[in-house]
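Spelled out from the first residue to the last, the chains are:
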Amino acid sequence: MDIREKEAKRKIKEYKKHPLINLADSINRSMIGEPGELTRGSCLTRIAATAIVIGMLFFLMTR
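Residues numbered from 1 in each chain as written. Predicted model: local features only at pLDDT ≥ 70, side-chain atom pairs only at ≥ 80, totals over all residues. Heavy atoms only, no water.

Side note on the overall build of the chain
Now for step 1: Looking only at helices and strands, the chain has 3 helices and 0 strands in total.
Now for step 2: Mapped in sequence order, the helices and strands of the chain form the string α-α-α.
Now for step 3: Buried residues in the chain amount to 5% of all 63 residues.
Now for step 4: Total accessible area on the chain stands at roughly 5,800 Å², and carbon and sulfur atoms take up 68% of it. (Helix = DSSP H or I, 4+ residues; strand = E, 2+ residues; numbered from the N terminus. Buried < 20%, exposed > 50% of the residue type's maximum accessible area, 1.4 Å probe, protein only. Areas by Shrake-Rupley, 256 points an atom, 1.4 Å probe, with all protein chains shown as cover.)

Written out as structure tokens, the structure reads:
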């Protein structure tokens, strides 16, 4: 099991204890996203995500 899976299991236990945390967490993620999801997937997915982020930063810096 990697760190993300352990963290996910811990969160599930926490959500069962405190259901309103799930609602607040969902609202926060819908507004700002989950940056860790960009690093999941194959090598090609990681390269594409990195290229998009670098492209966006370059675009913002040159304006």
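Some words on the pattern of salt bridges
Now for step 1: Going through the model one piece at a time under the given rule, you end up with 1 salt bridge.
Now for step 2: A salt bridge links E7 to R10; its shortest N-O distance comes to 2.5 Å. Residue E7 and its partner R10 are both found in helix α1 (residues 3-17); the two are separated by 3 residues, about one turn of the helix. (Salt bridge = Lys/Arg side-chain N within 4 Å of Asp/Glu carboxyl O.)

Here's the deal with the confidence of the model for the chain
Now for step 1: When pLDDT is averaged along the chain, the result is 79, and 81% of the positions lie at 70 or above.
Now for step 2: Across the chain, helix α3 (residues 43-62) holds the top mean pLDDT of 86, while helix α2 (residues 19-32) sits lowest at 71. (pLDDT = per-residue confidence, 0-100.)

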